[in-house]
Amino acid sequence: KPIPRIEESHMSMDPINLYDYEARAKLTLSHDAWDFIDAGAMDEFTTRRNRSAFEDLTLRPRFLRDVEHRDISTTVLGEKISMPVMVSPAGSHMVAHQDGERATARGAGMSDTLMMLSTSSNYSMEEVAEAATGPLWFQLYHRGYDLTEMLVHRAEEAGFKAICLTVDTPSPSPKERDLRNQYTRGFELGNFRAVDRPQSEISGTDETPGWEVSRVQPITWKELEWLRGLTSLPLVLKGIRTAEDAHVAVENGVNGILVSTHGGRQMDMTMGAIEMVPEVVAAAKGQAEVYVDSGVRRGSDVIKALALGARAVAIGRPLYWGLAVNGAEGVHGVLELLREEVDRAMSYCGQTNIQELEPNLVNIPHDWGPGRMAP
């Protein structure tokens, strides 16, 4: 008997996990758009490892406890959110839905959590801020001193709560699937509508075909003081992956570190993001909050990340899946499935407060190396 296809047997049901959203999004989107969302850099090793590393961690359940009342709300840089799951910055949401980042902001607000908006959004930061009901951070790609200053000032004026500087793209790295498909997104970059600059100067690392993407001099440690001088907003560095860089970041007074592999979309052949969290947390020494994205698909992943010392996690590709399936409601649906799973995992681990997880909730593989132990 043939196995029924998903659209025949399950499309009438509401999705019951993020993988249901993934399968439906793949059916909804064009082949090239799907590849743009799904692909990783080069051999896609890091993209796969982001998942396998989470799966290498196992939970240690605790029972016979009163877990009737559980609180999974938390704060990030003092901003309260209803659960420790945020929306990662990602470019061109219109690839998945015509309402793009405005829909994502509405979905995140419906779930009472935080959205990070990409510099490479299709709608401008002002348009997204108008649609949002939850807190926003602005993800910054350094585009040279004048453009960066313009973006930072606009973000502060629009009510964004932090600047999240991406640091892990020192050179362009178009994805090989996109090159084979000769894929171009073709959507405008909303934050640069009135900017008279060549596309190669305002584009991010994979907005344009081939290698004709931004080659502006990357920002370095010495420019952080200049960047901080532009705004009173907190500064988060996205893409820090080692204890060495985390130590320097804290010495430079950053407020947060988002451990991220960019979903494996820029540099291949690295560890998965979750593997890097223990050493970054140890190096930060409580002087900066630590978050992680890349590979989060289950509520149990969230518990694992927080047990290793992260303050919160963020999701990237799943936001596109939600958008493709049902716009703002789809993003909200993805987040609410994670909420339920986080809460359920909490109960099985015998925990009642997400901000006060007890030690030793996860088993860490021996081959993760010395010093990478749960706090």
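Model, not experiment: these values are computed from the prediction. Along each chain, the written sequence defines residue order, and numbers are assigned to residues from 1. Predicted model: local features are reported for residues with pLDDT of at least 70 only, side-chain atom pairs are reported and counted for 80 or more only, and whole-chain, interface and lining totals are derived from all residues. Excluding hydrogens and water, the side-chain figures rest on all heavy atoms present in the structure.

Participant: An account of the overall build of the protein is needed here, citing residue identities and associated values.
Facilitator: Secondary structure follows DSSP: runs of H or I at least 4 residues long count as helices, runs of E at least 2 residues long count as strands, and numbering of each begins at the N terminus. Tallying secondary structure elements over the protein gives 14 helices and 12 strands in all. Throughout, the radius of gyration refers to the C-alpha atoms, and the reference size of a globule is 2.2 Å times the residue count to the power 0.38. Relative to the 2.2 N^0.38 estimate, which gives 21 Å for 375 residues, the radius of gyration of the protein is 20 Å and therefore close to what a compact globule would have. Taking the principal axes of its C-alpha atoms as reference, the protein extends roughly 65 × 60 × 40 Å. Burial here depends on accessible area, computed with a 1.4 Å probe over protein chains only, as a share of the maximum for the residue type. Under 20% is buried, over 50% is exposed, and the range in between is partly exposed. Per-residue burial for the protein yields a buried fraction of 57% across its 375 residues. Working rule for contacts: check all heavy atoms of both residues, and any pair within 4.5 Å makes them a contact. A separation of at least 24 residues holds for 72% of the contacts in the protein among residues at least 6 apart in sequence.

Participant: Now, about the packing of helix α13 (residues 299-307) against helix α14 (residues 317-348): what can you tell me, with residues and values included?
Facilitator: Packed helices, taken two at a time, are described by their axes: the angle between them and the distance between them. To obtain each axis, a line is fitted to C-alpha atoms, and for helices this fit is confined to the stretch in contact; angles are then taken between N-to-C directions over 0 to 180 degrees. Taken N-terminus to C-terminus, the directions of α13 and α14 make an angle of 60°; their axes are 7 Å apart at the nearest point. Taken as axis vectors, α13 and α14 run oblique relative to one another. By crossing handedness, the relation of α13 to α14 is classed as right-handed. Residues Gly 299, Ser 300, Val 302 and Ile 303 of α13 pack against Leu 338, Glu 341, Val 342, Ala 345 and Met 346 of α14. Grouping the amino acids of the contact of α13 with α14 by side-chain chemistry returns six nonpolar, two polar and one charged. Comment on the angle field: the value is read as roughly parallel under 35 degrees, roughly antiparallel over 145, roughly perpendicular from 65 to 115, and oblique elsewhere. We call a crossing left-handed when the near helix sits turned anticlockwise from the far one by less than a right angle, and right-handed when that turn is clockwise. We call Asp, Glu, Lys and Arg charged. Ala, Val, Leu, Ile, Met, Phe, Trp, Tyr, Cys and Pro are nonpolar, and the rest, Gly among them, are polar.

Participant: Got a sec to walk through the side chain of His 93? Specific residues and values, please.
Facilitator: In this structure, His 93 sits in the loop between β4 (85-87) and α5 (100-110). We define a polar contact as two N or O atoms separated by no more than 3.5 Å, with the added condition that, inside protein, one atom must be a possible hydrogen donor and the other a possible acceptor, whereas residues neighbouring each other in sequence contribute only through side-chain atom pairs. A polar side-chain atom of His 93 sits 3.0 Å from the main-chain carbonyl oxygen of Ala 90. With residues near it in sequence (within four places) discarded, His 93 still touches Gly 100, Glu 101, Thr 104, Met 115, Asn 122, Leu 319, Tyr 320 and Leu 323.

Participant: Residues and numbers for the nonpolar core, please.
Facilitator: Here, nonpolar core refers to any group of buried Ala, Val, Leu, Ile, Met, Phe, Trp, Tyr and Cys residues whose side-chain atoms link them within 4.5 Å. If you look at the biggest cluster of nonpolar residues, it comprises 96 residues, and the most contacted ones within it are Phe 138, Leu 227 and Ile 274. Considering every element that reaches this core, the biggest residue donor is α14, with 14 residues. In contact with Ile 274, not counting residues within four places along its chain, are Ala 53, Phe 54, Leu 57, Val 292, Ala 305, Leu 308 and Trp 368. Of all hydrophobic cores here, the second largest spans 13 residues; its members include Met 116, Val 236, Leu 258 and Ala 314.

Participant: Which residues make up the pattern of salt bridges, and what values go with them?
Facilitator: Salt bridge, as applied in this entry: a Lys or Arg side-chain nitrogen positioned within 4 Å of an Asp or Glu carboxyl oxygen. Taken as a whole and assessed by the stated rule, the structure comprises 21 salt bridges. Of the charged contacts, one joins Asp 38 and Arg 177 as a salt bridge, the two residues approaching to 3.0 Å between their closest N and O atoms. Placement of Asp 38 in helix α3 (residues 31-38) and of Arg 177 in helix α8 (residues 176-181) is noted, with a sequence separation of 139 residues between them. The partner of Arg 241 in a salt bridge is Asp 168, with the nearest N and O atoms 2.9 Å apart. Taken as a pair, Arg 241 in the loop between β8 (235-238) and α11 (243-251) and Asp 168 in the loop between β7 (163-166) and α8 lie far apart in primary sequence, 73 residues in all.

Participant: Just give me the short version of the packing of aromatic side chains, but keep the residues and values in it.
Facilitator: For Phe, Tyr and Trp, rings pair up if their centres lie within 6.5 Å, where Trp contributes its six-membered ring, and each pair is then called stacked (planes under 30 degrees apart), edge-to-face (over 60) or tilted (otherwise). This model, assessed by the stated rule, comprises five aromatic pairs. Judged by centre distance (6.4 Å) and plane angle (85°), the rings of Phe 63 and Tyr 348 are edge-to-face. Of this pair, Phe 63 sits in the loop between β1 (58-59) and β2 (74-76) while Tyr 348 sits in helix α14, and the two are 285 residues apart along the sequence.

Participant: Could you give an account of α14, naming the residues involved and the relevant values?
Facilitator: Take the residue count of a helix, subtract one, and multiply by 1.5 Å to get its expected span. Over its 32 residues, α14 runs only 27 Å from end to end, short of the ideal 46 Å by more than 12%, given 1.5 Å per residue. What is called the bend at a residue is the angle between a pair of axes, fitted to the seven residues leading up to and ending at it and to the seven starting from it. The sharpest bend along α14 measures roughly 140° and falls at Asn 326. Among the 32 residues that make up α14, 23 are buried, leaving the element largely enclosed by the rest of the structure. Gly 350 sits one or two positions beyond α14 and adopts a positive phi of about 70°.

Participant: Before we move on, could you go through the pairing of strand β9 (residues 256-259) and cite the residues and values that matter?
Facilitator: Side-chain alternation along β9 places Gly 256 and Leu 258 on one buried face and Ile 257 and Val 259 on a second face that is also buried. Sheet topology places β8 next to β9; three bridges connect them, and they run parallel. Its bridge partner being in β9, Val 236 is matched across the sheet by Gly 256. Regarding topology, α11 serves as the crossover connection from β8 to the parallel β9, and that connection is right-handed. One crossover worth recording links β9 to the parallel strand β10 (residues 289-292) by way of helix α12 (residues 273-284), and it is right-handed. By definition, two strands form a pair when at least two bridges between them are found by DSSP. By definition, the crossover connecting two strands over a helix is right-handed if that path, from the first strand to the second, turns clockwise as seen with the strands pointing away from the viewer.

Participant: Quick rundown of unusual backbone geometry? Include the residues and the values.
Facilitator: Here the phi dihedral of Leu 64 falls at roughly 55°; this positive angle occurs in a residue that is not glycine. Relative accessible area serves as the criterion here: at 92%, Leu 64 is assigned to the exposed category.

Participant: Go over α3 with me, naming the residues and quoting the values.
Facilitator: Every buried residue of α3 is accounted for by Ala 33, Trp 34, Asp 35, Phe 36 and Ile 37. In the core, the buried residues of α3 are packed alongside α2 (18-28), α8 and α14.

Participant: Run through the pairing of strand β6 (residues 136-140), naming residues and quoting values.
Facilitator: Every other side chain in a regular strand lies on the same face of the sheet, so the side chains alternate between the two faces. Most of β6 sits inside the fold, with five of its five residues counted as buried. Residues of β6 alternate between two faces, with Leu 136, Phe 138 and Leu 140 on one and Trp 137 and Gln 139 on the opposite face, all of them buried. In this sheet, β7 lies alongside β6 in parallel orientation, the contact comprising three bridges. Residue pairing for β7: Phe 138 is matched across the bridge by Ile 163. With helix α7 (residues 145-157) bridging β6 and its parallel neighbour β7, the resulting β-α-β unit is right-handed.

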